[in-house]
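Chain and residue survey
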Amino acid sequence: MKAWTRAHTLAAGGALIVLTNAIALAGAFLNRNADAESRVTLSERELTLPYGGYRQAENSGLALQLNWRVLDEDPDHWDYGYARHGGQPAWLDAALLTSLGFDTTAGAATSDARQRFTRQLPRQVLLVLELEGPAWQQAVIRARENAARQTAAAAANPGSEQFAKQADAGRKRLALEETHASRLFAIDAGLDADALRRRYPDRSRHLIVRGSVRPAERGRNGDHHLAGHVSQIAIAQVNVPFALRPVLEPLRNAPSPAPDQQAPRYEVQLAIGQRLEPWIERVTTLPKR
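Cut-offs used in this document
- Residues numbered from 1 in each chain as written.
- Predicted model: local features only at pLDDT ≥ 70, side-chain atom pairs only at ≥ 80, totals over all residues.
- Heavy atoms only, no water.
- Helix = DSSP H or I, 4+ residues; strand = E, 2+ residues; numbered from the N terminus.
- Buried < 20%, exposed > 50% of the residue type's maximum accessible area, 1.4 Å probe, protein only.
- Contact = heavy atoms within 4.5 Å.
- Areas by Shrake-Rupley, 256 points an atom, 1.4 Å probe, with all protein chains shown as cover.
- Pairing = 2+ DSSP bridges.
- Axes fitted to C-alpha atoms, helices over the stretch in contact; angles between N-to-C directions.
- Core = buried A, V, L, I, M, F, W, Y, C linked by side-chain atoms within 4.5 Å.
- Salt bridge = Lys/Arg side-chain N within 4 Å of Asp/Glu carboxyl O.
- Parallel < 35°, antiparallel > 145°, perpendicular 65-115°, else oblique.
- Left-handed = near helix turned anticlockwise from the far one by under 90°.
- Nonpolar A, V, L, I, M, F, W, Y, C, P; charged D, E, K, R; others polar.
- Phe/Tyr/Trp six-rings, centres within 6.5 Å; stacked < 30°, edge-to-face > 60°.
- Lys NZ or Arg CZ within 6 Å of the ring centre and 35° of its normal.
- Expected span 1.5 Å × (residues − 1).
- 1 Å grid on protein atoms, 1.4 Å probe; cavity = no way out; pocket = protein on both sides within 12 Å on 5 of 7 lines; lining within 4 Å.
- Points joined across faces, edges and corners; volume = space filled by probe spheres on them.

Points about the overall build of the protein
The secondary structure content of the protein amounts to eight helices and ten strands. Per-residue burial over the protein gives 42% buried out of 289 residues. Counting only contacts in the protein whose residues sit at least 6 apart along the sequence, the fraction spanning at least 24 positions is 70%. Counting only carbon and sulfur atoms, one obtains 55% of the accessible surface of the protein, whose full area is about 16,300 Å².

Laid out in structure tokens, this is it:
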């Protein structure tokens, strides 16, 4: 038997690299070969450029960060227009958590029961992301009502610097929600992609993506109930094809106005393939407002 040599090691390593690349390319082909599972037009509000700086200058690639949100059950919760870390929506209740495979039989009546529930490991699920739907509209309403309350409080307390600052913060929050914050919200979860698609047939507004959910609890004034926390989605960022980068490169390091005054500078046509993996089909700059 011939001894294993350095040449054999190099050959085996090269073959492994070729095989790995072939598998990746085959997966990409299968993902895009059929009609897209969904196709949606997002703006800079939902797909943001990376921050500039020396690290980006050394990076020859370009990827856009996908901003998605959760309308938290607590109306006083504020995510500043970005989620990424997720949240606890009202729709992720005990019944849905049970259907996703979590054990909810012990309920939330005792501290021990709640601890057993929250110690369960996160589960991989399918999430529905909705663009510019009722969840986003409710977020705008919450910001508008908060701004009105803060303005009224400032009017009732003339000369108070504290109330004046709160009123100004409320107005900025409303402007941010209306013009800058992401309009893409997680609105449902399940395990069956076909069932979710039947429930949400509009492929131009509803994206089905992989994500994870973990158990949580919600309690106030001694009233506890089981809840779920949308932890993350599989799509953290989307690579920009080389041919489309010249559209975005001039904006990459350009100075931006204040977040509450910034209008989107571009929009992107994003497709999700049959394997629920994304790619960018088109990038278009938007006229200045």
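A closer look at the side chain of D72
Among the structural elements, D72 can be located in the loop between β3 (63–66) and α3 (94–99). With residues near it in sequence (within four places) discarded, D72 still touches H77, G87, Q88, P89, R142 and R218.

A word on the sheet that holds strand β4 (residues 123–131)
An order of β5-β4-β6-β7 is seen for the four strands of this open sheet, with the pairing classed as antiparallel. This sheet does not close on itself; its edge strands, each paired only once, are β5 (184–190) and β7 (223–233). With direction set aside, neighbouring strand axes in the sheet form an average angle of 50 degrees. Both β4 and strand β6 (residues 206–220) contribute to a ladder of eight bridges, which runs antiparallel. Looking at the pairing, L129 lines up with L207 of β6. Packed on one face of the sheet, helix α4 (residues 111–118) meets β6 and β7 and runs near 160 degrees to β6. Helix-sheet contacts for helix α5 (residues 134–156) involve β4 and β5, and the interaxial angle to β5 is about 130 degrees.

Focus: the nonpolar core
Ranked by internal contacts, the top residues of the largest apolar core, which has 53 residues, are L64, L127, I233, L248 and I280. Among the elements that line this core, the one with the most residues is β4, at six residues.

Re the pattern of salt bridges
Applying the stated criterion across every chain yields a total of 18 salt bridges. Between E281 and R39 there is a salt bridge; the shortest N-O distance is 2.6 Å. In this pair, E281 sits in strand β10 (residues 278–285) while R39 sits in strand β1 (residues 38–43), placing the two residues 242 residues apart along the sequence. Relative accessible area serves as the criterion here: at 29%, E281 is assigned to the partly exposed category. Of the residues examined, R39 reaches a relative accessible area of 37% and is grouped as partly exposed. Notably, a salt bridge pairs E249 with R252, separated by 3.1 Å at the nearest N-O pair. Of this pair, E249 and R252 both sit in helix α8 (residues 245–252), three residues apart, which is roughly one turn of that helix. You can call R252 buried: its relative accessible area is 10%. Several salt bridges converge on common partners, so that one network encompasses E37, R197 and R203.

Some remarks on the sheet that holds strand β9 (residues 266–272)
A sheet is described by the order of its strands in space; here three strands give the open sequence β1-β9-β10, paired in antiparallel fashion. Sheet topology places β1 and β10 at the edges, where each strand pairs with a single neighbour. Averaged over all pairs of adjacent strands, the angle between strand axes in this sheet comes to 20 degrees, irrespective of strand direction. Two strands pair when backbone bridges link them, and β9 and β10 are joined in this way by seven bridges, in the antiparallel orientation.

As for the packing of α5 against helix α6 (residues 161–179)
Close contact between α5 and α6 brings their axes to 8 Å; oriented N to C, the two are set at 160 degrees. On the basis of their axis angle, the class for α5 and α6 is roughly antiparallel. Between α5 and α6 lies a crossing of left-handed hand. Where α5 approaches α6, its residues W136, A139, V140, A143, R144, N146, A147, Q150, T151, A153 and A154 are matched on the opposing element by F163, A164, Q166, A167, G170, R171, R173, L174, E177 and E178. Here the contact of α5 with α6 is composed, by residue class, of eleven nonpolar, five polar and five charged.

A short note on the packing of aromatic side chains
Under the criterion given, the structure shown has zero aromatic pairs. Directly above the ring of F102 sits R123, whose terminal nitrogen or CZ lies 5.7 Å from the centroid.

Structural notes on α6
For an α-helix, 3.6 residues make a turn, and residues three or four places apart therefore share a direction. For α6, which comprises 19 residues, the first-to-last C-alpha distance of 27 Å matches the rise-based estimate of 27 Å (1.5 Å per residue) to within 8%. Looking at α6, one finds that the buried residues are A167, G170, R173, L174, L176 and E177. Each element contacted by the buried residues of α6 is listed here: α5.

Considerations on empty space enclosed by the protein
Counted according to the given criterion, the structure contains one cavity of 30 Å³ or more. Size it by volume and the largest cavity reaches roughly 90 Å³. Every residue lining the largest cavity is listed: R69, V70, L71, D72, H77, W78, D79, A139, R142, R173, E177 and F185. Contributing elements (two or more residues each) for the lining of the largest cavity: α5 and α6. Classifying every residue of the lining of the largest cavity gives five nonpolar, one polar and six charged.

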